[in-house]
Amino acid sequence: ITAAMHRGASVENVSKIITQKMGVGMSDARRLVRTELNYVQNRAALDSIKDAGMKYYRFVATLDRRTSAACRAHDGKIYPVDEGSPGTNMPPLHPHCRSTIVGSLKGDSAPKGGRAARDREGKYIRVPADMKYEDWKAVYVDKNISYEQWKQKDGIIKTKIRVATYRKERN
């Protein structure tokens with residue numbers, strides 16, 4: 001897998017090679033290749049974060065409806081670099097994991113800028129970088145609150161999101 005990636009081979013081409021060499025189905029090979037690539041990419045990111053002298057990393061889950069419950073729970077959380085553990089607090093957390101990590105200078109700093117997401121219909125949108133999965137879901141999928149309400153960032157609004165999310169999960 002590593003040699004193929006160095007050559008610039010696609011996931012599909014590497015999966016075909018794995019299928020032929022290991023006698024497994026294409027979906028099993030594709031799952032293996034994607035999960036291993038995620039591991040290598042996040043391991044390299046962690047090494048780069050360490051080399052840059054950063055002490056923390058932020059877990060970044062994909063903001064769409066396919067994101068696993070495990071990745072949703074970690075989205076936006078900050079962990080010490082020395083405690084990074086794939087499968088525990090660092091991607092991949094599961095097969096086909098699409099989450100990643102980014103460096104964080106301070107353990108409590110909010111990221112600036114934007115991040116990619118999908119709206120209710122699955123179309124690409126940009127949201128603030130500090131928007132976590134549960135907030136994205138409340139604003140863009142469940143539509144429990146408006147984006148303007150979310151931007152206020154007071155305790156009342158955040159509480160409304162959590163209560164509404166909790167109620168939906170219980171029902």
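See the structure above.
Residues numbered from 1 in each chain as written. Predicted model: local features only at pLDDT ≥ 70, side-chain atom pairs only at ≥ 80, totals over all residues. Heavy atoms only, no water.

A. Quick peek at the packing of aromatic side chains. One pass over the structure, following the stated rule, counts 3 aromatic pairs. Centre to centre, the rings of Y57 and Y79 are 5.7 Å apart; their planes meet at 35 degrees, and the pair counts as tilted. Of this pair, Y57 sits in strand 1 (residues 56-60) while Y79 sits in strand 2 (residues 78-80), placing them 22 residues apart in sequence. Ring centres of Y133 and W136 lie 5.0 Å apart, and the angle between their planes is 55 degrees; on these two criteria the pair is classed as tilted. Residue Y133 and its partner W136 are both found in helix 5 (residues 133-141); the two are separated by 3 residues, about one turn of the helix. Residue Y133 shares its accessibility class with W136, and that shared class is buried. (Phe/Tyr/Trp six-rings, centres within 6.5 Å; stacked < 30°, edge-to-face > 60°. Helix = DSSP H or I, 4+ residues; strand = E, 2+ residues; numbered from the N terminus. Buried < 20%, exposed > 50% of the residue type's maximum accessible area, 1.4 Å probe, protein only.)

B. Layout of the packing of helix 2 (residues 11-22) against helix 3 (residues 26-51). For the pair helix 2 and helix 3, interaxial distance at closest approach is 8 Å and the crossing angle is 125 degrees. One element, helix 2, and the other, helix 3, form an angle in the oblique class. As helix 2 packs across helix 3, the resulting crossing turns out to be right-handed. Contact residues: helix 2 offers V11, E12, V14, S15, K16, I18 and T19, while helix 3 offers M26, A29, R30, L32, V33, R34 and L37. Grouping the constituent residues of the contact of helix 2 with helix 3 by class yields 8 nonpolar, 2 polar and 4 charged. (Axes fitted to C-alpha atoms, helices over the stretch in contact; angles between N-to-C directions. Parallel < 35°, antiparallel > 145°, perpendicular 65-115°, else oblique. Left-handed = near helix turned anticlockwise from the far one by under 90°. Contact = heavy atoms within 4.5 Å. Nonpolar A, V, L, I, M, F, W, Y, C, P; charged D, E, K, R; others polar.)

The quantities given are spatial measurements derived from coordinates; they are silent on function.
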